[in-house]
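Below are the chains, spelled out letter by letter.
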Amino acid sequence: MSTEVLAVREEGPRIGGKRPACAAAIEVRYPHTGEVIGIVGRATAADVGQALAFAAGFRSTLSRYERHRILVRARELIEGRANEFARLITLESGLCLRDTRHEVRRTCDVLQCAANQVLAERGGVYPGDVTESGGARKIFTLTEPLLGVICAITPFNHPLNQVAHKVVPAVASGNRVVLKPSEKTPLSALLFADTLYAAGLPPEMLQVVTGDPADLGAALLDDPRVSMIAFTGSSTVGKRIADRAGYRRVILELGGIDPAIVCDDTDLAVAAELVARGAYGNSGQRCTAIKRVLVQDSVAAEFTALLVAQTRRWRTGDPLDPETDIGTVIDEASATRIEATVAGAVRAGAEIACGGTRNGAHYAPTVVEPVTPDMSLVTEEVFGPVAPIVRFADDAEAIRIANSCRYALSASVLTRDLNRAFGFVTGLHAGNVNIAEVPGYRLESMPFGGLKDSGLGDKEGVVEAMRNYTTVKTCSLPWL
Ligand code: NAD
């Protein structure tokens, strides 16, 4: 273990361009050592009211070009401080530097993608003289930011990129956002906000309230100045938010138990490498992590041996060591829950093929086999580096097992047969299906989002989010 003494960041909310003092604070700990690395002001309902008043009283007059410049400048600033951003995410989350450097690169892509999008006009033009009653008129549409404020609430597992996916399309479309990042990982969100201000963003367009959701939730969710709630997090909290949203737009990006389906015609060595990456990357804490590995009976033994060999190559350890492949999960309580769920599967008849050990908040990458579809290891979302192997006989059974889950976010299918692949694409309940890729493969621009307990079918991704964050005004003129 490193003997480096970690500096403690003292932070607080960002409201109306200021950093108001808070009477109470929350601690942010480095999950690898348990050290306090941040003391963050615990905002109150009154602070939320202030932030909403600033936001609601402001209308952006920034041109498209000015918004484009702010986003490009922010991307350049983050690229210049990429190591600092990655290290901060590692300290607040325990994710290893390999993962957090990747996350910073993705955030830069989000910024660049939105900077490009903002320059494109998305309105339509319609001639009036196409019907008898239409007349000599010309109709066109304008996209406008929402009349009210966007409330964005984000989870801990991609502390920077999840924030970027809410805030950046909102800025690009000229909206005002009040962001509540996870209380477990607020530090990179605050550095991101400061970077946007440094790039020229008016502070009213992005404010950040930090603290305990029990103090802030009602003040954010029930205020009539909020006209849209954009939430990413667990299905339990997402459904509570949906109940409160009432007559407002809501986007819910919720949990997942994504399957990887390994067919008997695939290259098993390639499949094992891909499944390990999909199950263990980001410490297994991705909504789109592989959380079930469905393997065809005839190749299950060979595939399991290859996956075990792959799993043993993943280096666990100090998240700040650039050679480490897998850091901690978010805290020891989470690692203990994962350990207990794996133990439950073992009591029900499964075996640990490798891994299965815990050290504080570290949980070793683990293969469990054979798992049946009714075990809680694959019916509840286990947010950690576990690959449970479930066997299937044929494609119809694989689809039946995959679809028996209450989540439907993303899926991966490993086959070299295009006809089989297309059968899975049409048969699976999922918002995204990736052939010969991990379920988490995504471009920042593409539509992304799930069904069933993973979401209501609305999509995020920069392009869709900009559409969701705007309204269309239709205007007609008395000319052809
Ligand atoms: P969580 O639901 O516990 O918390 C998410 C956010 O909601 C946090 O900011 C939290 O403070 C806030 N929150 C909690 N209770 C609240 C309340 N009553 N009112 C208002 N806000 C409240 O989720 P988590 O543990 O931080 O994140 C992990 C979950 O997020 C997993 O289920 C994962 O699958 C999901 N996730 C989904 C996506 C996606 O795009 N579909 C992406 C990343 C993570």
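What comes next is a walk through the structure. (Residues numbered from 1 in each chain as written. Predicted model: local features only at pLDDT ≥ 70, side-chain atom pairs only at ≥ 80, totals over all residues. Heavy atoms only, no water.)

## A look at the overall build of the chain
Assigned secondary structure in the chain consists of 15 helices and 22 strands. Computed over its C-alpha atoms, the radius of gyration of the chain comes to 23 Å, within 12% of the 23 Å expected for a compact globule of 480 residues. Viewed in the frame of its principal axes, the chain has a C-alpha envelope of about 70 × 65 × 40 Å. When each of the 480 residues of the chain is scored for burial, the buried share is 55%. (Helix = DSSP H or I, 4+ residues; strand = E, 2+ residues; numbered from the N terminus. Rg over C-alpha atoms; globule rule 2.2 N^0.38 Å. Buried < 20%, exposed > 50% of the residue type's maximum accessible area, 1.4 Å probe, protein only.)

## Points about the packing of helix α13 (residues 395-403) against helix α14 (residues 418-427)
Packing of α13 against α14 leaves a shortest axis separation of 11 Å and a crossing angle of 30°. One way to sum up the angle between α13 and α14 is to call them roughly parallel. For the pair α13 and α14, the crossing hand works out as right-handed. Of the residues in α14, those in contact with Asp 395, Ala 398, Ile 399 and Asn 403 of α13 are Arg 420, Gly 423, Phe 424 and Gly 427. Grouping the constituent residues of the contact of α13 with α14 by class yields three nonpolar, three polar and two charged. (Axes fitted to C-alpha atoms, helices over the stretch in contact; angles between N-to-C directions. Parallel < 35°, antiparallel > 145°, perpendicular 65-115°, else oblique. Left-handed = near helix turned anticlockwise from the far one by under 90°. Contact = heavy atoms within 4.5 Å. Nonpolar A, V, L, I, M, F, W, Y, C, P; charged D, E, K, R; others polar.)

## Concerning the sheet that holds strand β17 (residues 386-392)
Spatially, seven strands are ordered β13-β16-β17-β12-β11-β19-β20 in an open sheet, and the strand pairing comes out mixed. Taken across any chain shown, the strands that pair with only one partner, and hence form the sheet edges, are β13 (351-354) and β20 (432-435). The sheet shows a mean angle of 25° between the axes of neighbouring strands, direction not considered. Here strand β11 (residues 258-262) pairs with strand β19 (residues 410-414) via three bridges, running parallel. Pairing of Ala 260 across the sheet is with Ser 412, part of β19. Sitting on the sheet, helix α9 (residues 268-280) touches β11, β12 (290-296), β16 (366-369), β17 and β19, and the angle it makes with β12 is about 160°. (Pairing = 2+ DSSP bridges.)

## Topic: the nonpolar core
Ranked by internal contacts, the top residues of the largest apolar core, which has 60 residues, are Phe 192 and Leu 196. Tallying contributions element by element places helix α4 (residues 97-118) first for this core, with nine residues. Discounting chain neighbours no more than four positions away, the residues touching Phe 192 are Ile 78, Phe 85, Thr 107, Leu 111, Leu 160, Val 163, Ala 164, Val 167 and Val 168. Listed in part, the 28 residues of the second largest apolar core include Val 342, Tyr 363, Met 375 and Phe 392. (Core = buried A, V, L, I, M, F, W, Y, C linked by side-chain atoms within 4.5 Å.)

## Some remarks on the environment of Tyr 30
Along the polypeptide, Tyr 30 turns up in the loop between β2 (25-29) and β3 (36-41). C-alpha of Tyr 30 to C-alpha of Thr 328: the two residues are 298 residues apart in sequence and 9.6 Å apart in space. What Tyr 30 contacts, discounting residues up to four positions off in sequence, is Leu 6, Glu 35, Ile 37, Thr 90, Leu 91, Gly 94, Asp 318, Pro 319 and Leu 320.

## Digging into the environment of Ala 214
Considering the arrangement of structural elements, one finds Ala 214 in helix α7 (residues 213-221). Here the alpha-carbon distance between Ala 214 and Val 378, two residues 164 residues apart in the chain, equals 30 Å.

## Topic: the pairing of β17
Counted residue by residue, β17 has six buried out of seven residues, so it is predominantly covered. As judged from the four bridges shared by β12 and β17, these two strands associate in the parallel manner. When the bridges of β17 are listed, Val 295 appears paired with Arg 391. In terms of strand pairing, β16 meets β17 through three bridges, oriented parallel. The residue of β17 that forms the bridge with Val 367 is Ala 387.

## Some details on the packing of aromatic side chains
Counted under the stated rule, the structure contains two aromatic pairs. The interplanar angle of 85° and the centroid separation of 5.9 Å between the aromatic rings of Phe 156 and Phe 383 together place this pair among those described as edge-to-face. Taken together, the residues span a long stretch of sequence, with Phe 156 in the loop between β6 (149-153) and α5 (161-172) and Phe 383 in the loop between α12 (376-379) and β17 at a distance of 227 residues. Each member of the pair Phe 156 and Phe 383 is classed as buried. Between Tyr 280 and Trp 314, the ring centres sit 5.5 Å apart and the planes meet at 80°, which makes this aromatic pair edge-to-face. In this pair, Tyr 280 sits in helix α9 while Trp 314 sits in the loop between α10 (300-312) and α11 (332-347), placing the two residues 34 residues apart along the sequence. Under the relative-accessibility criterion, Tyr 280 is labelled buried at 0%. In this structure, Arg 442 packs its charged tip against the face of Phe 448, placed 3.9 Å from the ring centre. (Phe/Tyr/Trp six-rings, centres within 6.5 Å; stacked < 30°, edge-to-face > 60°. Lys NZ or Arg CZ within 6 Å of the ring centre and 35° of its normal.)

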